[in-house]
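Observations on the model geometry
One-letter residues, chain by chain:
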Amino acid sequence: MTPTGQEILVRVRDLRFAFGPRVIYDGVDIDIPRGKVTAIMGPSGTGKTTLLRLIGGQWRPQSGTVEFDGADVHKQSRSQLFELRKRMGMLFQNGALLTDLTVFENVAFPLREHSDLPDSMIRDVVLMKLEAVGLRGAADLYPEQISGGMSRRVALARAVALEPALVMYDEPFTGQDPISMGVLMRLIRTLNEALGLTSILVSHDVEEVLSISDYAYVIAGGKVLAHGTPEAIRTSESPMVRQFLDGKPDGPVPFHYKAARDYAADLLGDAAA
Amino acid sequence: MRLLGIISEFLRGLGEATLFLFTMIAALPAALLRPRLVAQQLYMIGVLSLIIVAISGSFIGMVLALQGYRTLAQFGASSALGVVVAFGVIRELGPVVTALLFAGRAGSSLAAEIGLMKATDQLSGMEMMAVDPIKRVIAPRFLAGIIAMPLLASIFALMAIGVAGGHLVGVEVLGVDDGSYWSQIHSGLHPHDIFESLIKSFVFGVAVNWIALYQGYHAAPTSEGVSRATTSTVVVSSLAILALDFILTAFMFR
């Protein structure tokens, strides 16, 4: 079931990106189907967050294209790019709430910046978004007064404040207790349905992510290892995908970071030579 | 070879900082349209620096009066104490000391604040919300800083010459005649002295805010990066203030 044509909101083609000598993506094709929750999974350090920043146009690839709703993200002027971003919401790993504003003002922030809505209407919208994430009661608190899980829910309310077409979640479950993880999972799924969103979910929490996504990609070593429905990924035979899904410490993805010298030579130094 | 590397690195940094300055200046009209944001920053940067500036001004004025009186009394010219204090404060100490205090009080906190906002993804978060952090965060602070600096320097001078400092020690304690204290200032000091003093404090204000905001915005997003940005803000600003003071003074006394 590879989605085609109009059904695709974000289309990544032959993407290459490197930090200096370190290649993060080496020719990657990804399609994000409209209206679905798509998971991007992979070991830490494979550049999952980088992918979101490339889609959001914060970073520029060395080659390849990223299209959002038909527009090449990296060929836009700054103001055009900002117009595109109004239709994208992004949830950063730590929430990235503005620490000098209350929870209420954080959610109101994009509305105040981008709309001429009167205060009373902004208030209604913000309270509705906060109610949706269950934090209307925390409206007057500051970010340092709420827990990490709550911060992410506030950030989620803020990300959907402008009713975007796309929401990108960067590791939303990392460091969450089971309850807040469950809350976030349900929220991601229900908001996607209720608001008609398209969601990209970047994570390495395999089971949780597969249980709420419609489509999934597994990325490692700068390449797409596998993609398909959660069912297809779960039953994949590829040794690398299996290693990742089953959490085996060693396999095609080596346990040891590549060393320049042989272990014995390193320990014994020149005596071995 | 190593020296060449250091020089090219320095030039690269200078070029980057200059570009940053132009970006900030280009964003100033956007800041003017958001007077509330500028007012908030004027409070944070200006009003909260008031006490340290006023107290320092008083002490510097008092010291100048003590030192000046000793020398002047030897020649029976102690009635000229007012103008000595006023020249020292308005031409040099007012702008320079205020700017040094400003770098330590406001500059360091600006750099730390912006650096932390960067480290906690607040700036990227804004960018992803299609809000330009240069316009929303940097420009209002820059504008507030360059408005605050000349005002703070003026308050410093007022405290040093009249309200507490020189007047308190010279007239109230050492017994210089009140009338001659003020009339000497009145006849000795010209409007262009005050104008040049304001120009100095304006230039220092631009320099300190530019350095602080640049250091914060380009800080490495780690705790070490933020601490380094704060330190370099104070060090680089202080050196810049003293060097600029020399250059400006040389031009003004041609």
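The notes below deal with the structure included here. Every value quoted in this text rests on a predicted model; they were computed, and no experiment measured them. (Residues numbered from 1 in each chain as written. Chains lettered and ligands numbered in written order. Predicted model: local features only at pLDDT ≥ 70, side-chain atom pairs only at ≥ 80, totals over all residues. Heavy atoms only, no water.)

Right, let's get into empty space enclosed by the protein. Per the counting criterion, the structure on display carries 2 cavities of 30 Å³ or more. Computed from the structure, the largest cavity encloses a volume of approximately 120 Å³. Where the lining of the largest cavity is concerned, the elements lending two or more residues are β6 (88–91) and α5 (148–159) of chain A together with α5 (122–128) of chain B. Tallied by class, the residues present in the lining of the largest cavity amount to 9 nonpolar, 2 polar and 3 charged. As a volume, the second largest cavity reaches approximately 50 Å³. Looking at the second largest cavity, the residues that line it are Ile90, Arg91, Asp193, Glu196, Ser197, Lys200, Met252 and Phe253 of chain B. Counting only elements with at least two residues in the lining of the second largest cavity, the list comes to α4 (81–119) and α9 (191–217) of chain B. Considering every element that reaches the lining of the second largest cavity, the biggest residue donor is α9 of chain B, with 4 residues. (1 Å grid on protein atoms, 1.4 Å probe; cavity = no way out; pocket = protein on both sides within 12 Å on 5 of 7 lines; lining within 4 Å. Points joined across faces, edges and corners; volume = space filled by probe spheres on them. Helix = DSSP H or I, 4+ residues; strand = E, 2+ residues; numbered from the N terminus. Nonpolar A, V, L, I, M, F, W, Y, C, P; charged D, E, K, R; others polar.)

What follows covers the sheet that holds strand β3 (residues 37–41) of chain A. Residues and elements named next belong to chain A. Reading across from one edge, β6-β7-β8-β3-β9-β10 is the order of the 6 strands in this open sheet, with mixed pairing throughout. In this open sheet, the two strands that pair with only one neighbour each are β6 and β10 (223–228). Across the sheet, the axes of successive neighbouring strands diverge by a mean angle of 15°, strand direction being ignored. When β3 meets strand β8 (residues 198–203), the two strands line up parallel, connected through 5 bridges. Directly across from methionine 41, in β8, lies its bridge partner serine 203. Most of the contacts of α5 go to β6, to which it runs at about 175°, and overall it touches β6 and β7 (166–170). Across the face of the sheet, helix α6 (residues 178–194) comes into contact with β3, β7 and β8 while running at roughly 160° to β8. (Pairing = 2+ DSSP bridges. Axes fitted to C-alpha atoms, helices over the stretch in contact; angles between N-to-C directions. Contact = heavy atoms within 4.5 Å.)

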